[in-house]
Number of protein chains: 2
Amino acid sequence: MPRTFSSSPVRDLLALTSRPEVISFAGGLPAPELFDVEGLREAFGEAVSRRSLQYAPTEGNPDLRALVADRLTRRGLPTGFADLLVTTGSQQALTLVATALLEPGAVVAVEEPTYLAALQCFRLAGARLVPVASDERGVDPDALAEVVERERPELLYLVPTFANPTGRTLDVARRRAVAALAERHGLWVVEDDPYGELRYRGEPAPALAAFSDRVIHLGSFSKVGAPGLRLGWLRAPESIMRTLVIVKQAADLHTSTIDQAAAAAYLKANDLDAHIGRLCEAYRERRDAMIAALPGAVPAGTRWTDPDGGMFVWLTLPGEVDTGRLVHEALARDVAFVPGAPFYATTPDHSTLRLSFTTTTPEEIAEGMRRLATVF
Amino acid sequence: MPRTFSSSPVRDLLALTSRPEVISFAGGLPAPELFDVEGLREAFGEAVSRRSLQYAPTEGNPDLRALVADRLTRRGLPTGFADLLVTTGSQQALTLVATALLEPGAVVAVEEPTYLAALQCFRLAGARLVPVASDERGVDPDALAEVVERERPELLYLVPTFANPTGRTLDVARRRAVAALAERHGLWVVEDDPYGELRYRGEPAPALAAFSDRVIHLGSFSKVGAPGLRLGWLRAPESIMRTLVIVKQAADLHTSTIDQAAAAAYLKANDLDAHIGRLCEAYRERRDAMIAALPGAVPAGTRWTDPDGGMFVWLTLPGEVDTGRLVHEALARDVAFVPGAPFYATTPDHSTLRLSFTTTTPEEIAEGMRRLATVF
């Protein structure tokens, strides 16, 4: 008998949002009209060669690793190329970490709410999930300390910067506190950072990994480059890198040689920071349009986050409402969001929902929010 | 504490064979000079688009799945596109199957010797490996029946055509017998088929999957196209496909959109069968050169396989010899092979070794075999 795993309810939902007349705030996708198609086409043209068509080392393309290490170092996280393992998207990095660090029955602490594909991934590894309370400043270190004492988790999973689904950022004081806790208790922390460079206001916070070697830092080309390449990376201390490489070898031998070569060629020939600047300009405008439209679209008493970057706004509706039911009414009016329940590890708050502003223009956002107002 | 996994001894060995003066029979690589670099460059040029840079469905590119289904059907394995899941190389397919079907402690039966990365993959899943005897005609159905009765394995793993490491092919009568056993006992069989189209003589045997729905068929673009794309596929019955898709989603969301689009564009614009014909011509010559040189290179009493296709010849040396030691002498004389021990699930035969003939010209093979003669 095959083992039984439940599918993602969001995956099933997204299938319903693909009708062209639907204004979808449901996805977590980068805007395709902002992809640097020409730059990437040139990079692939340059990358295709006998060498890039052959098998390659599991650790990844040395040029790409050096280029990424350099970018991380310039962002304040000193990194050498040997600290990095290239992964098939950062989703793979999550599964590698789960396989490398978790025995079945291990405890994983997670911010609540959090990225649902991470929850799925830890569940697949047979882990028991324990939620930690969080607020506007991110995960609460006191609540975390209490969970660590009580549950002895092996791992803490966080999206510290512009979190999925809330858009919140862990502040610097709390980063220090979480890192100190990790050091004191020998806890591993996964810092999932796909959105960190998509900042629309305020000053960058240092990576959580800058405060402790107990932090495994995951990065991705998906939100700043293009997700179709499935390129991510994992920065881990030497003590676990060898195990991660062995697990990666069993997972897929190595990430596409040609996609890695193309990404390296792209990073050499183009100014990724300038491209990210253009992304931020467009996404800032979209974020602002959504935040501006919210007061007129939602019932009195609704709360929402006001993210400094990333892709998401998180709403809590007043009263006894179930957004899992509401979404069907929304779809009937050609607008979509993601109900909040699947982002909870244990007890969901059914009055929550996630809106993404990245793939819709300010005009579409205004129209979509008008449609949502009739649903709420 | 991270879990501890041992690295592949072959991986460590291959690092030693990369000196340019070494004639290496150790790899399992396709010949890079035979890659269709121009055809693939054109395919990538065509493939890069907003759509191929975006996230995509976990199941894979529908065009590519239809093209692969069509190829399998023409080879005598009736397949619809919905029967196929695109994987990040067929190595990933192995890990997906292990995750989907095996609880820790499950029993996996394997031909002995067999592909060592499959052994690693099942070990990582916490499976217990049970070897099944095989001979020149492939795995022995009587030995298999006995193992099935005694050990109740969940899964049987086979490379039925031009096996790694032996080059042997399971004959048709035994395919029927294995399929019947699988049906009778509700056993899952993994048919790993990366080499099946590389046939240098004789008539193709029908796929094992053609005889039973209990067979999960794995295919790959790595040996007939190029491994750098990391493109494989898995043909599975509907009863387990949904679980496999969920596991794949956690593993890497989906395989590189752009590599899939490029492979589909390549298959539409090129005659892959003609390309495979050219590969077979070159590899046949190399195979023949190795088989011709063997009698003059090995000690009396050595036995070797005489493969009809694939990439490998398997040797058993006479007497109490340890090829794991011998390989260091070989490397000192600038020639390399893979010692046989790691291909055994339980008790290794240290007098065995694997030679690959694909990446060396007939002249290099003749010279390499002269060097090997001085080692033996």
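Higher on the page you've got the structure.
Residues numbered from 1 in each chain as written. Chains lettered and ligands numbered in written order. Predicted model: local features only at pLDDT ≥ 70, side-chain atom pairs only at ≥ 80, totals over all residues. Heavy atoms only, no water.

Student: Got a minute to help me understand the overall build of chain A in this structure?
Tutor: Of regular secondary structure, chain A possesses 13 helices and 15 strands. In terms of C-alpha radius of gyration, chain A reaches 20 Å, essentially the compact-globule figure of 21 Å for 376 residues. The dimensions of chain A, computed from C-alpha atoms along their principal axes, are 55 × 55 × 50 Å. Looking at the 376 residues of chain A, the share that counts as buried comes to 62%. Excluding contacts between residues fewer than 6 apart, the proportion of contacts in chain A whose partners are at least 24 apart in sequence is 74%. For chain A, the exposed surface amounts to about 13,600 Å²; the carbon and sulfur share of it is 51%. Computed over 39 positive and 48 negative side-chain charges, the inter-centroid distance for chain A is 2 Å. (Helix = DSSP H or I, 4+ residues; strand = E, 2+ residues; numbered from the N terminus. Rg over C-alpha atoms; globule rule 2.2 N^0.38 Å. Buried < 20%, exposed > 50% of the residue type's maximum accessible area, 1.4 Å probe, protein only. Contact = heavy atoms within 4.5 Å. Areas by Shrake-Rupley, 256 points an atom, 1.4 Å probe, with all protein chains shown as cover. Lys, Arg positive; Asp, Glu negative; His and termini not counted. Charge placed at Lys NZ, Arg CZ, Asp CG, Glu CD.)

Student: Would you explain the relation of the copies chain B and chain A in this entry?
Tutor: Mapping between the two chain copies consists of a rotation about an axis together with a translation along that axis. Here chain B sits on chain A after a turn of 180 degrees about the axis and a move of 0.0 Å along it, with an RMSD of 0.0 Å. These values place the two chain copies in the arrangement generated by a two-fold rotation axis. (Least-squares fit on C-alpha atoms with pLDDT ≥ 70 in both.)

Student: Looking at this structure, how should I read the interface of chain B and chain A?
Tutor: Buried accessible area, meaning the area lost when the parts come together, often serves as the stated size of an interface. In this complex, chain B contributes 68 residues to the contact, which on the side of chain A involves 68 residues. Both sides together, the interface formed by chain B and chain A hides about 5,600 Å², and carbon and sulfur atoms give 58% of it. Considering only the side of chain B, the residues that lose the most area to chain A are R3, L53 and Y55 of chain B, jointly responsible for 13% of the buried surface there. Where chain B touches chain A, the interface holds zero salt bridges. If you look at where chain B meets chain A, you find 30 residue pairs in polar contact (both at pLDDT 80 or more). Elements with a minimum of two residues in the side of chain B that touches chain A: α1 (9-14), α2 (37-47), α4 (89-101), α5 (116-124), α8 (238-252) and α9 (257-269) of chain B. A per-element tally of the side of chain B that touches chain A places α8 of chain B first, with eleven residues. (Buried area = accessible area lost by both parts, 1.4 Å probe. Salt bridge = Lys/Arg side-chain N within 4 Å of Asp/Glu carboxyl O. Polar contact = N/O pair within 3.5 Å; in protein donor to acceptor, adjacent residues only side chain to side chain.)

Student: Is there a simple way to think about the packing of aromatic side chains in this case?
Tutor: Each aromatic ring pair is summarised here by two numbers: the centre-to-centre distance and the angle between the ring planes. Inspection of every chain in the model, using the stated rule, returns 15 aromatic pairs over all chains. With a centroid separation of 6.4 Å and an interplanar angle of 75 degrees, the aromatic rings of F221 of chain A and Y266 of chain A are classed as edge-to-face. Linking F221 of chain A in the loop between β9 (215-220) and β10 (232-235) with Y266 of chain A in helix α10 (residues 257-269), this pair joins segments that are 45 residues apart in sequence. A single burial state applies to F221 of chain A and to Y266 of chain A, both of which are buried. Between Y200 of chain B and F357 of chain B, the aromatic rings sit 6.3 Å apart at their centres with planes inclined by 70 degrees, giving edge-to-face as the arrangement. (Phe/Tyr/Trp six-rings, centres within 6.5 Å; stacked < 30°, edge-to-face > 60°.)

Student: Looking at this structure, how should I read the nonpolar core?
Tutor: One finds L355 of chain A together with L355 of chain B to be the most contacted residues of the largest nonpolar core, which totals 162 residues. If we skip the residues at most four places from it in the chain, L355 of chain A touches F25, M290, L294, M311, F312, V313, L315, F337, M369 and L372 of chain A. (Core = buried A, V, L, I, M, F, W, Y, C linked by side-chain atoms within 4.5 Å.)

Student: Got a minute to help me understand the sheet that holds strand β8 (residues 188-192) of chain B in this structure?
Tutor: Whenever strands of a sheet pair, they do so through backbone hydrogen bonds, lying parallel or antiparallel. All names here are of chain B. Taking strand neighbours across the sheet as the criterion, the seven strands line up as β2-β10-β9-β8-β7-β3-β4 in an open arrangement whose pairing is mixed. The sheet terminates laterally at β2 (84-87) and β4 (128-132), the two strands that pair on one side only. Averaged over neighbouring strand pairs, the angle between their axes works out to 20 degrees when direction is ignored. Pairing of strand β3 (residues 107-111) with β4, which is carried by five bridges, proceeds in the parallel orientation. What sits directly across from E111, in β4, is V132. Contacts from α4 reach β2, β7 (155-158), β8, β9 (215-220) and β10 (232-235) within the one sheet, and its direction differs from that of β9 by about 155 degrees. (Pairing = 2+ DSSP bridges. Axes fitted to C-alpha atoms, helices over the stretch in contact; angles between N-to-C directions.)

Student: Can you help me understand the environment of A341 of chain B in this one?
Tutor: Residues and elements named next belong to chain B. Tracing the backbone shows A341 in the loop between β14 (338-339) and β15 (352-356). Each C-alpha atom, one on A341 and one on A289, is 26 Å from the other, the two residues being 52 residues apart in sequence. The contacts of A341, once residues within four sequence positions are left out, are P348, D349, H350 and T352.

Student: Help me understand the sheet that holds β9 of chain A in this model?
Tutor: Residues and elements named next belong to chain A. Taken in spatial order, the seven strands line up as β2-β10-β9-β8-β7-β3-β4 in an open sheet, and their pairing is mixed. Either end of the sheet is taken by a strand with one partner, and the two such strands are β2 (84-87) and β4 (128-132). On average, adjacent strands in this sheet sit at an angle of 20 degrees to one another, irrespective of strand direction. Pairing of strand β7 (residues 155-158) with strand β8 (residues 188-192), which is carried by four bridges, proceeds in the parallel orientation. Bridging from a neighbouring strand, L156 pairs with V189 of β8. Sitting on the sheet, helix α9 (residues 238-252) touches β2, β8, β9 and β10, and the angle it makes with β2 is about 20 degrees.

Student: Explanation requested: the environment of R371 of chain A in the structure shown.
Tutor: Residues and elements named next belong to chain A. Within the secondary structure, R371 is located in helix α13 (residues 362-375). Overall, R371 belongs to the partly exposed group, its relative accessible area being 21%. Those residues in contact with R371 that lie beyond four places of it in its chain are E21, I23, R333, D334 and V335.

Student: Sorry if this is basic, but what is going on with α13 of chain A here?
Tutor: Note: α-helices contain 3.6 residues per turn, so residues at a spacing of three or four share the same orientation. All names here are of chain A. With 14 residues, α13 extends 20 Å between its outermost C-alpha atoms, agreeing within 8% with the 20 Å of an ideal straight helix rising 1.5 Å per residue. Residues of α13 that are buried: I365, G368, M369, L372 and V375. With its buried residues spanning 105 degrees around the axis, α13 presents them on a single face. Away from its buried face, by an angle of more than 90 degrees, α13 presents the exposed residues E363 and R370. (Expected span 1.5 Å × (residues − 1). Arc of directions from axis to C-beta.)

Student: How should I be thinking about the packing of helix α5 (residues 89-101) of chain A against α8 of chain B in this particular structure?
Tutor: Two elements in contact, α5 of chain A and α8 of chain B, have axes separated by 5 Å at closest approach and are oriented at 100 degrees. Viewed along their axes, α5 of chain A and α8 of chain B adopt a mutual orientation that is roughly perpendicular. Each of Q91, Q92 and T95 of chain A in α5 of chain A lies in contact with α8 of chain B, whose residues at this interface are Q249, A250, A251 and D252 of chain B. Partitioned by chemical class, the residues of the contact of α5 of chain A with α8 of chain B number two nonpolar, four polar and one charged. (Parallel < 35°, antiparallel > 145°, perpendicular 65-115°, else oblique. Nonpolar A, V, L, I, M, F, W, Y, C, P; charged D, E, K, R; others polar.)

Student: How should I be thinking about the side chain of E151 of chain B in this particular structure?
Tutor: Relative to the assigned elements, E151 of chain B resides in helix α6 (residues 141-151). Setting aside its immediate chain neighbours within four residues, E151 of chain B contacts V107, R128 and V130 of chain B.

Student: What is the right way to read the pairing of strand β3 (residues 107-111) of chain A from this model?
Tutor: The side chains of a regular strand alternate between both faces of the sheet. Residue and element names in this part refer to chain A. When you tally the buried positions in β3, you get five out of five residues, the bulk of the element. Side chains of β3 alternate between two faces, with V107, A109 and E111 and V108 and V110 buried alike. Handedness of the crossover joining β3 and β4 through helix α6 (residues 116-124) is recorded here as right-handed. Across three bridges, the pairing between β3 and β7 is parallel. Bridging from a neighbouring strand, V108 pairs with L155 of β7. (Right-handed = clockwise from strand over helix to strand, strands pointing away.)

Student: Before we go on, may I ask you to explain the pattern of salt bridges in this structure?
Tutor: Pairing between side chains of opposite charge can happen when the charged atoms of each approach one another. All names here are of chain A. Under the defined criterion, the tally for this structure stands at 52 salt bridges over all chains. Its salt-bridge partner being R168, residue E136 comes within 3.5 Å of it at the nearest N-O pair. Here E136 is found in the loop between β5 (134-135) and β6 (138-139), whereas its partner R168 is found in the loop between β7 and α8 (172-185), with 32 residues between them in sequence.

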